[in-house]
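In case you want the letters, here they are:
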Amino acid sequence: MFTPASEFTVQYGNKQVTNGCDIKPSVAADKPYVQILGHPLSSNLYTLVMVDLDAPCPSEPRLREWFHCVVVDIPDEHDATKGSELMAYIGPQPPTGIHRLGLPVAAVYFNSQKESSVKNVSS
């Protein structure tokens, strides 16, 4: 069973995103505001991965899981702009029709520690 480590909110302009809500592609052309609602005294860091589950369209998803953005090292109680953007936001492609964007459950991952990918080796 999935137990969320933290809650988060997503907004395109003044439109709050909820599961299954509709957003016009013209509104989704600009980067959303993503806020992590964690614990203010925590040192947790989060990774945001936003994907289009049906690119280019639900009836022909040949580019399934098209990346829209990747942001790492987002601290608790902050928005995604406080993290490091590895891949800049790209709006829906093509910019018409229906697009399901994956964010909740499988697309926000919890980083328990920030570690260097290079380990020091003692002689």
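For clarity, every value in this text was computed on a predicted model and none was experimentally measured.

### Section: the nonpolar core
Step number 1: Counting 13 residues, the largest nonpolar core has Leu48, Ile74, Ala80 and Tyr89 as its most contacted members.
Step number 2: Counting only elements with at least two residues in this core, the list comes to β1 (7-12), β3 (33-37), β4 (45-52) and β5 (66-75).

### Some words on unusual backbone geometry
In most cases, non-glycine residues show a negative phi, while peptide bonds are predominantly trans.
Step number 1: Unusually for a residue other than glycine, aspartate 73 sits at a positive phi of about 60°.
Step number 2: Considering the arrangement of structural elements, one finds aspartate 73 in strand β5.

### Details of the sheet that holds strand β2 (residues 15-16)
Step number 1: Ordered by their spatial adjacency, three strands build an open sheet running β2-β1-β3, and the pairing between neighbours is antiparallel. Of all strands in the sheet, those with a lone pairing partner are β2 and β3, marking the two edges.
Step number 2: Two elements, β1 and β2, share two bridges in a ladder whose sense is antiparallel. Its bridge partner being in β2, glutamine 11 is matched across the sheet by glutamine 16.

Definitions and limits used
Residues numbered from 1 in each chain as written. Predicted model: local features only at pLDDT ≥ 70, side-chain atom pairs only at ≥ 80, totals over all residues. Heavy atoms only, no water. Core = buried A, V, L, I, M, F, W, Y, C linked by side-chain atoms within 4.5 Å. Buried < 20%, exposed > 50% of the residue type's maximum accessible area, 1.4 Å probe, protein only. Helix = DSSP H or I, 4+ residues; strand = E, 2+ residues; numbered from the N terminus. Pairing = 2+ DSSP bridges.

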